[in-house]
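Tertiary structure, described
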Amino acid sequence: MRKIKLDRIDRRILRDLQADGRMTNVELARRAEISAPPCLRRVRALEEAGFIRGYHADIDPALLGFGVTVFASVGLSSQAETDLRAFERLVGTWPEVRECHMLAGENDFLLRVVAHDWDAYQRFLTTRLTAAPNVSHVKSALAIRSAKELPGVPIDEEETAAA
């Protein structure tokens, strides 16, 4: 990865692509107030430097039958680095776990889990999560609704930062 210093145009490109990853290069260039070829070069440089990690579609889980989202706080019996990594690898194999964050504090991990319904989550909980090696406890919190779900981070065009 190449290190680059972000200017106002780079930040505008990042902000606009984060909001709409399908935006054409021509539209992106227009918004950034530059021509298309340098805009494409900047996007490629941002990708190579690791600022842009990928592109994806934002899928509505309910339309695919995933009506339940649960946040599971997981405590492990051991916090040795090898045990933490082993748990992360195992979680990586479970498709219903959409996010896994290691925490500082009372619990070791916070998982965002999707399931078709509450019964499906309970099966996942009892057959996989609590049965996993080194898991000492799990606290589940059912999401009732989501008031805000934004991808990425807030990007201020005027701020400058080095990568």
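Up top is the structure these notes are about.
To start, this report covers the structure provided alongside it. Note that the coordinates shown come from a computational prediction; the quantities given were computed from them, not determined experimentally.

Looking now at helix 5 (residues 118-129). Residues of helix 5 that are buried include every one of A120, Y121, F124, L125 and L129, and no others. Around the axis of helix 5, the buried residues are gathered within 140° of arc, so they sit on the same side. The exposed residues of helix 5 that point more than 90 degrees off its buried face are R123 and T127. The inward-facing, buried residues of helix 5 contact strand 1 (68-76), helix 4 (81-92), strand 2 (97-102), strand 3 (109-115) and strand 4 (135-142). You can read the cap of helix 5 off the contacts: a side-chain oxygen lies 3.2 Å from the backbone nitrogen of D119, and it is on D117.

Here we come to the pattern of salt bridges. Think of it this way: side chains of opposite charge can pair up when their charged atoms draw near. Tallying each qualifying case throughout the model produces 13 salt bridges. Here R8 makes a salt bridge to E157, at a shortest N to O gap of 3.8 Å. With R8 in helix 1 (residues 8-19) and E157 in the segment after strand 4, this pair connects stretches of sequence that are 149 residues apart. The exposure class assigned to R8 is partly exposed, which follows from its relative accessible area of 35%. In the salt-bridge network here, residues are joined through shared partners; they are R8, R12, R15, D16 and E157.

Below, the discussion takes up the packing of aromatic side chains. Applying the stated criterion to the full structure yields four aromatic pairs. Taking 4.8 Å as the distance between ring centres and 45° as the angle between the ring planes, the aromatic pair formed by F87 and F109 counts as tilted. Residue F87 is located in helix 4, and its partner F109 is located in strand 3; the two are separated by 22 residues in the primary sequence. A single burial state applies to F87 and to F109, both of which are buried.

Once that is clear, we can look at the pairing of strand 1. Within strand 1, seven of the nine residues are buried, which leaves the element mostly enclosed by the surrounding structure. Bridge analysis of strand 1 against strand 3 gives seven bridges, and the strand direction is antiparallel. Directly across from V70, in strand 3, lies its bridge partner V113. Two strands pair when backbone bridges link them, and strand 1 and strand 4 are joined in this way by seven bridges, in the antiparallel orientation.

Rules used throughout
Residues numbered from 1 in each chain as written. Predicted model: local features only at pLDDT ≥ 70, side-chain atom pairs only at ≥ 80, totals over all residues. Heavy atoms only, no water. Buried < 20%, exposed > 50% of the residue type's maximum accessible area, 1.4 Å probe, protein only. Helix = DSSP H or I, 4+ residues; strand = E, 2+ residues; numbered from the N terminus. Arc of directions from axis to C-beta. Contact = heavy atoms within 4.5 Å. Polar contact = N/O pair within 3.5 Å; in protein donor to acceptor, adjacent residues only side chain to side chain. Salt bridge = Lys/Arg side-chain N within 4 Å of Asp/Glu carboxyl O. Phe/Tyr/Trp six-rings, centres within 6.5 Å; stacked < 30°, edge-to-face > 60°. Pairing = 2+ DSSP bridges.

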